[in-house]
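# Fold and geometry: a report
For reference, the chains in residue letters:
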Amino acid sequence: MATVQEIMTDPVFEGFRIVAGRRGMYNNVSGTGIFDWEEPSDVEATFAPGEFVITTFSEAKYRPDELLTRMQALLNIHVSAICIKTLFFKSVPEEITELANKKNIPVFLFEDTYIDDVIYVVRNGLASQERNDEIAEQVEELLWEERAVPEEAAKIMRRISPVLYENFACVYLRPRFKKDIRSGNLIREHAERLTSFFQDWNIDLDLEFCEVVSLRDAIVILCSCKENRKEEELYKLVDRIIRELDMTRRFIAGISNTHFRHGEFGAALKESMYASVSAVIDRETILKYGETGLDALLIPMWDNGWIRNTYETEIDKLQQYDRKNNAKLFETLLTYTESEGSVSLTASKLVQHENTVRHRLERIRETIGTDEQEKSYVHMYMIARLYKIMKVMTD
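Presented here is a report on the structure given in the accompanying data block. (Residues numbered from 1 in each chain as written. Predicted model: local features only at pLDDT ≥ 70, side-chain atom pairs only at ≥ 80, totals over all residues. Heavy atoms only, no water.)

## A closer look at the overall build of the protein chain
The number of helices and strands found in the protein chain is 16 helices and 10 strands. In terms of overall dimensions, the protein chain is more spread out than a globule: its C-alpha atoms have a radius of gyration of 28 Å, far above the 21 Å expected for 395 residues. Based on the C-alpha atoms only, the size of the protein chain along its principal axes is roughly 90 × 60 × 35 Å. The burial tally for the protein chain puts 49% of its 395 residues in the buried class. In the protein chain, once contacts between residues fewer than 6 apart in sequence are set aside, the share between residues at least 24 apart is 71%. Counting only carbon and sulfur atoms, one obtains 47% of the accessible surface of the protein chain, whose full area is about 20800 Å². In the protein chain, 50 side chains carry a positive charge and 67 a negative one; their mean positions are 6 Å apart. (Helix = DSSP H or I, 4+ residues; strand = E, 2+ residues; numbered from the N terminus. Rg over C-alpha atoms; globule rule 2.2 N^0.38 Å. Buried < 20%, exposed > 50% of the residue type's maximum accessible area, 1.4 Å probe, protein only. Contact = heavy atoms within 4.5 Å. Areas by Shrake-Rupley, 256 points an atom, 1.4 Å probe, with all protein chains shown as cover. Lys, Arg positive; Asp, Glu negative; His and termini not counted. Charge placed at Lys NZ, Arg CZ, Asp CG, Glu CD.)

Right under this line is the structure:
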């Protein structure tokens, strides 16, 4: 569903002037409607919430005292915006602007634009946005499917763009900050920047075609080219795109392996998302899937019922011990694994004596049921890593 702001970016609205309801610029638009001079009792049956309404208020020339009640009826059903062609009115009464401001419904005045052109642009904008929303939903579903059907993956990729070539890689851009995920504005704005960038610079970038898909909490870039290229060349190109647009300041990027069939889109999508998760944990800016190490196995398993129950049980044991004994076993486990099993480095980070760290590690081994030191480090590493993966995936 498109917003008033998105609809109004079309050049046809260049001469439109907003006179009320500025806070409603991000109202969702559900359709279009023309207000003739319906009775207030008929407005609810004629118009739907979210409609983008166009009118001349021609009858108000003869019955100006009825204008307010009719506008109140329109505003009360929460249309998305009202555009008034100024054939008979050059301004809007103060009572109406106050009500529009209170309801957060934008009111625009315009002069020269044809009403039919406005309706055409709004409907086209809605059709385009509905298509984009539908594609984004299909990509989301593909991302979380356990086993993507290659034929379905290829079909979705062709829907994104019929001119994407078989040689491609995915980039998954995840906002660095939670506030940007919640607002959604960052994703929308940067997706538009990327689209504009690719339209202007595809040839210079020596890529045949790139496309952008906005998801609820991420941006996916598909980079494709005609000829098979060395994987490293494609990575350098992706890195250049991200850095030229300064995306790394607000996003963390995961990059898939290079793939050579559209049917592998599901795999490429997952690889890029997994790489972005691993990058968040390791505080990386850009990370390739081939550099994720053990995370390539752990991230896909994080929500497996059996595995999740096992590591959550072990974490709970450590945290219960900490609460009962005022200890810091779980903190020590996380720091020890981040320090790659170095007791001295762990002690330095925790500002503790090395013997204190060794004593805590012994308590951890006893609590999680691992005796051998070599095996216990792997066990601790997996617990810590799965815990961090879960935090990223559930935030």
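## A closer look at the pairing of strand E9 (residues 251–255)
The side chains of a regular strand alternate, residue by residue, between the two faces of the sheet. E9 sits mainly inside the fold: five of its five residues count as buried. Summarising the sheet, strand E6 (residues 167–175) and E9 pair through five bridges and their orientation is antiparallel. Each residue of the ladder has a partner; that of Leu173, found in E9, is Ala253. Here E9 runs beside strand E10 (residues 286–288); their pairing, made up of three bridges, is parallel. The residue bridging Ile255 from the neighbouring strand is Lys288, located in E10. (Pairing = 2+ DSSP bridges.)

## As for the packing of helix H13 (residues 329–338) against helix H16 (residues 373–394)
Angle between the axes and distance between the axes: these two values describe a pair of packed helices. With their axes 9 Å apart at the nearest point, H13 and H16 run at an angle of 100° to one another. Considering their axes alone, H13 and H16 lie roughly perpendicular with respect to each other. Contacts between H13 and H16 involve Phe330, Leu333, Leu334, Tyr336, Thr337 and Glu338 from the former and Tyr377, Met380, Tyr381, Ala384, Tyr387 and Lys388 from the latter. Each residue belonging to the contact of H13 with H16 can be placed in one class, and the counts come to nine nonpolar, one polar and two charged. (Axes fitted to C-alpha atoms, helices over the stretch in contact; angles between N-to-C directions. Parallel < 35°, antiparallel > 145°, perpendicular 65-115°, else oblique. Nonpolar A, V, L, I, M, F, W, Y, C, P; charged D, E, K, R; others polar.)

## Thoughts on unusual backbone geometry
Note: most residues except glycine have negative phi, and most peptide bonds are trans. In this structure, Arg283 takes a positive phi of about 55° despite not being glycine. The residue Arg283 is located in the loop between helix H10 (265–281) and E10 in this model. Positive phi values are uncommon outside glycine, yet Val351 reaches one of about 55°. Note on placement: Val351 falls in the loop between helix H14 (343–350) and helix H15 (354–368). You can call Val351 exposed: its relative accessible area is 70%.

## Some details on the pattern of salt bridges
In this structure the tally under the stated criterion is 16 salt bridges. Between Arg243 and Asp239 there is a salt bridge, and its shortest N-O distance comes to 3.1 Å. Residue Arg243 and its partner Asp239 are located together in helix H9 (residues 231–244), separated by four residues, close to a single helical turn. Of the residues examined, Arg243 reaches a relative accessible area of 46% and is grouped as partly exposed. Taken together, the shared-partner salt bridges connect Asp282, Asp295 and Arg385 into one network. (Salt bridge = Lys/Arg side-chain N within 4 Å of Asp/Glu carboxyl O.)

## As for a negative patch on the surface
A cluster of like negative charges, contributed by Asp133, Glu137, Glu141, Glu145, Glu151 and Glu152, occupies part of the molecular surface. Counting residues per element, the ones that place at least two in the negative patch are helix H5 (115–144) and helix H6 (150–160). The element that contributes the greatest number of residues to the negative patch is H5, accounting for three residues. Looking at where Glu152 falls in the secondary structure, it is placed in helix H6. (Patch = residues over 30% accessible without salt bridge, like charges linked within 9 Å, V, L, I, M, F, W, Y side chains within 5 Å.)

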